[in-house]
Amino acid sequence: MNVGVLIELNKNIDDKFEELRGMGMNSCQLVCWDENKFTDEMAELVNQAVKKHEVHITAFWCGWSGPVTWDFYDGQLTLGLIPAAYRFCRLQTLMNGSDFAKKMNIRDFVTHVGYIPENPFDENYTGTLVALKKLIGKCKENGQNFLFETGQETPVTLRRAIEDIGYDNVGINLDPANLLMYGKANPVDALDILGKYVLGIHGKDGMYPTDGRNLGEEKPLGEGRVDYPKFIAKLKEIGYQGDITIEREISGEEQKKDIIKAKKILDELIQA
């Protein structure tokens, strides 16, 4: 296992990669929520920076347009491909994102699909799977794996969706903090259900929700409820050999301090 960090795509990507290497890392996931950045010019900037700094981009984390509310009420109506009102437009954005990722030779393509219904007969479940098959087909054409980011659904529901889709290039980017912050599962136990599909990991920490409307609080890695010693041990047990990509959803110097601290914790656990 190797430790990397999540980096936002922008024209300062060369500086971002230099900072990444300065923190002792050589891998990242690239995240972008702005389709206007899916250009040949931006792809070339990334490719040049990759070559210059010898950075490995493990995944492209692709966002989508339209309203976004990270809670248990409005989130049901706004997030991912689940809301029928935004599904077609967002599908087009994600397919364009897959084409963009191909220009940078990125293998894994990640997004939040939204609150996948527990009920497999729900029309939003069946409709979303139709859209996902189109997107995953596009990823396959581009030589990519499509990865669900965990959090907004229970592990059983996510596994059912993967099995119902039935494609061989589908996996999971498992965010252990999300499973807690959305109140969906203990991440160590979730690996018993999802382990064979896990192709990426986010290094993040957080707390369980304290009410029925709002997500649990994100925390610096090591200060939340994710039991990282047990989690890393479980990853070793199931044979996971990919990267752990640190995500800290704040900005500035405090973010950098938390990332460096998280890397130290993860490196020690991986080497134990």
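Structural notes, computed from the coordinates.

**What about the packing of aromatic side chains?**
Step number 1: If you walk through the whole model with that rule in mind, you get 11 aromatic pairs.
Step number 2: A ring pair is formed by W33 and W70, whose centres lie 6.2 Å apart and whose planes are at 90°; its orientation type is edge-to-face. Of this pair, W33 sits in the loop between β2 (27-32) and α2 (40-53) while W70 is found in the loop between β3 (56-62) and α3 (74-78), placing the two residues 37 residues apart along the sequence.
Step number 3: In this structure W33 comes out as partly exposed when scored by relative accessible area, which is 38%.
Step number 4: Look at W70 and you get partly exposed, because its relative accessible area is 38%.
Step number 5: Look at F60 and F109: their rings are 6.2 Å apart centre to centre, the planes differ by 40°, and that puts the pair in the tilted class. Here F60 is found in strand β3, whereas its partner F109 is found in strand β4 (residues 108-111), with 49 residues between them in sequence. There is no split in this pair, since F60 and F109 are both buried.
Step number 6: Taken together, the ring pairs in this structure connect W33, W61, W64 and W70 into an aromatic cluster.

**Considering the state of the cysteines**
Step number 1: Taken as a whole, this structure holds 0 disulfides when the rule is applied.
Step number 2: Summary of cysteine pairing: C32 is not part of a disulfide, and the nearest cysteine sulfur, belonging to C62, is at 6.9 Å.
Step number 3: Classification of C62 as buried rests on a relative accessible area of 0%.

Calculation rules
- Residues numbered from 1 in each chain as written.
- Predicted model: local features only at pLDDT ≥ 70, side-chain atom pairs only at ≥ 80, totals over all residues.
- Heavy atoms only, no water.
- Phe/Tyr/Trp six-rings, centres within 6.5 Å; stacked < 30°, edge-to-face > 60°.
- Helix = DSSP H or I, 4+ residues; strand = E, 2+ residues; numbered from the N terminus.
- Buried < 20%, exposed > 50% of the residue type's maximum accessible area, 1.4 Å probe, protein only.
- Disulfide = S-S within 2.5 Å.

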